[in-house]
Amino acid sequence: MSDNEFFTLQHEGAIAHLQLCRPERLNTLAPAFFPALRDAVRRLQDDAATRVLLISSTGKHFSAGMALDVFDAGGPAAQMLDTRSARARLSFQESLRRLIDCLSALDEARFPVICAVQGGCVGGALDLAAACDIRVCSADAFFTVQEIHIGMMADLGVLQRLAKIVPQGVARQMAYTGDRVDARLALEWGLVNAVLADPAAVLEHALGLARQIAAKSPLAVAGSKLALNHARDHGTAAALQQLTLLQSAIFDTAEMAEAIAAWKDKREGDFAPLAPIARP
């Protein structure tokens, strides 16, 4: 379990399940949510027992995004949002970089992250979902770049990531209009991998994916994520060069022998977890 008000964290073997737990508030986010998420994800990474992280939610909506009172003049983020002077703007930039880093923890984790969405995935929640490896949703789900409706551009990574998930024109339309993208369009445009009938079916499907991934070699899965992320952010030649270095670092014939034997025997492979990361 987790010790914060925003989410719980439970484990099923090598699968970690982080679940937003404020349905009475539409699972809205606040500044304190982001470092709590970052710290939870990086602890999972450091401990190395987790092979897949599943993020889901409770209630009617995945999340309505950042709570509007965060933007009030006397709200909880008033100091962070102060841009009235050069010094204040410099601090604003660093605060924003740190918030962005909290969601980048999902993208940078050695394990894949699956996001299971029901109902609304709005504003900052879409920033979160876009930082995950795989998204699945219920038939009633919708996705919105909500920030344009309150007079600001989205600023926690969705603009940068969305354009590498869906076609450029789609990403721009979403960013400029804030239109709701329903589940059917989300699937058609590649924002989600699957649409299921209801939240229970979404969770079942996402857990099935998580179990399938967790049964693979964690070394090969981690390497695949590193290679895919590098290829996404670099040209082909640079990505291929990174691949040769990465493959030479993680190529393990004993791991491969176990994977091949498990495949032939139609059983789960017996793979050691990745090594923990030493904390300074």
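Scoring rules and cut-offs
- Residues numbered from 1 in each chain as written.
- Predicted model: local features only at pLDDT ≥ 70, side-chain atom pairs only at ≥ 80, totals over all residues.
- Heavy atoms only, no water.
- Helix = DSSP H or I, 4+ residues; strand = E, 2+ residues; numbered from the N terminus.
- Rg over C-alpha atoms; globule rule 2.2 N^0.38 Å.
- Buried < 20%, exposed > 50% of the residue type's maximum accessible area, 1.4 Å probe, protein only.
- Contact = heavy atoms within 4.5 Å.
- Core = buried A, V, L, I, M, F, W, Y, C linked by side-chain atoms within 4.5 Å.
- Pairing = 2+ DSSP bridges.
- Salt bridge = Lys/Arg side-chain N within 4 Å of Asp/Glu carboxyl O.
- Axes fitted to C-alpha atoms, helices over the stretch in contact; angles between N-to-C directions.
- Parallel < 35°, antiparallel > 145°, perpendicular 65-115°, else oblique.
- Left-handed = near helix turned anticlockwise from the far one by under 90°.
- Nonpolar A, V, L, I, M, F, W, Y, C, P; charged D, E, K, R; others polar.
- Phe/Tyr/Trp six-rings, centres within 6.5 Å; stacked < 30°, edge-to-face > 60°.
- Lys NZ or Arg CZ within 6 Å of the ring centre and 35° of its normal.

A. Main features of the overall build of the protein chain. Looking only at helices and strands, the protein chain features 10 helices and nine strands. Taking 2.2 N^0.38 as the reference for a compact globule, 280 residues should give roughly 19 Å; the C-alpha atoms of the protein chain span a radius of gyration of 19 Å, in line with that estimate. Projected onto its principal axes, the C-alpha coordinates of the protein chain cover approximately 60 × 45 × 40 Å. Taking all 280 residues of the protein chain together, the buried fraction comes to 46%. Nonlocal contacts in the protein chain, meaning residues at least 24 apart in sequence, comprise 69% of its contacts between residues at least 6 apart.

B. Just the nonpolar core, in detail. Core analysis: the largest hydrophobic core is formed by 58 residues, its most contacted members being Leu53, Leu106 and Phe143. Broken down by element, the residue count for this core peaks at seven residues, all from helix H1 (residues 33-47). Not counting residues within four places of it along the chain, the set of residues in contact with Phe143 comprises Val117, Cys121, Leu126, Cys137, Met174, Asp179, Arg180, Val181, Ala186, Leu191 and Val192. Ranked by size, the runner-up nonpolar core spans 16 residues in total, among them Val52, Leu54, Val202 and Ala206.

C. How the structure looks around the pairing of strand S3 (residues 52-56). Counted residue by residue, S3 has five buried out of five residues, so it is predominantly covered. Burial along S3 is two-sided: Val52, Leu54 and Ser56 and Leu53 and Ile55, pointing in opposite directions, are all buried. Here five bridges tie strand S2 (residues 15-20) to S3, and the two strands are oriented parallel to one another. Bridging across to S3, Leu18 finds its partner in Ile55.

D. Structural view of the pattern of salt bridges. If you walk through the whole model with that rule in mind, you get 17 salt bridges. Here Asp107 and Arg232 are joined by a salt bridge, their closest N and O atoms 2.9 Å apart. Remark: Arg232 occurs in helix H8 (residues 218-233) and Asp107 occurs in helix H2 (residues 86-108); sequence separation between them is 125 residues. Residue Asp107 is classed as buried on the basis of its relative accessible area, which comes to 11%. Owing to a relative accessible area of 32%, Arg232 belongs among the partly exposed residues under this scheme. The salt bridge partner of Asp133 is Lys225, with a shortest N-O separation of 2.9 Å.

E. Structural detail: the sheet that holds S3. Reading across the sheet, the six strands line up as S1-S2-S3-S4-S6-S9 and stay open at both edges, with mixed pairing between neighbours. Two strands close off the open sheet at either side, each with one partner strand: strand S1 (7-12) and strand S9 (194-196). The mean inter-strand angle of the sheet, taken between neighbouring strand axes irrespective of direction, is 20°. Relative to S1, H1 is tilted by about 15°, and along the sheet it contacts S1, S2 and S3.

F. Looking closely at the packing of H8 against helix H9 (residues 236-250). Contact geometry for H8 and H9: axes closest at 9 Å, N-to-C directions at 165°. In terms of their interaxial angle, H8 and H9 are classed as roughly antiparallel. Both H8 and H9 take part in a crossing whose hand is right-handed. Judged by residue contacts, Leu219, Gly223, Leu226, Ala227, His230 and Ala231 of H8 engage Ala238, Ala239, Gln242, Leu243, Leu246 and Ile250 from H9. The residue inventory of the contact of H8 with H9, partitioned by class, reads nine nonpolar, three polar and no charged.

G. Seen up close, the pairing of strand S6 (residues 134-138). Across the five residues that make up S6, a large majority, five, are buried. Burial along S6 is two-sided: the face carrying Ile134, Val136 and Ser138 and the face carrying Arg135 and Cys137 are both buried. Sheet analysis places strand S4 (residues 113-117) next to S6, joined by four bridges and oriented parallel. Bridge pairing in S6 links Ile114 to Ile134. Direction of pairing for S6 relative to S9: parallel, over a ladder of three bridges. Of the residues in S9, the one forming a bridge with Cys137 is Val195.

H. Region of interest: the packing of aromatic side chains. Inspection of every chain in the model, using the stated rule, returns three aromatic pairs. Residues Phe7 and Phe33 carry aromatic rings whose centres are separated by 6.1 Å and whose planes lie at 90° to one another, so their mutual orientation is edge-to-face. Of this pair, Phe7 sits in strand S1 while Phe33 sits in helix H1, placing them 26 residues apart in sequence. Each member of the pair, Phe7 as well as Phe33, is classed as buried. By the ring-pair criterion, three or more aromatic residues cluster together here, those being Phe6, Phe7, Phe33 and Phe34. When the ring centre of Phe142 is taken as reference, the NZ or CZ atom of Arg180 above it lies at 3.8 Å.

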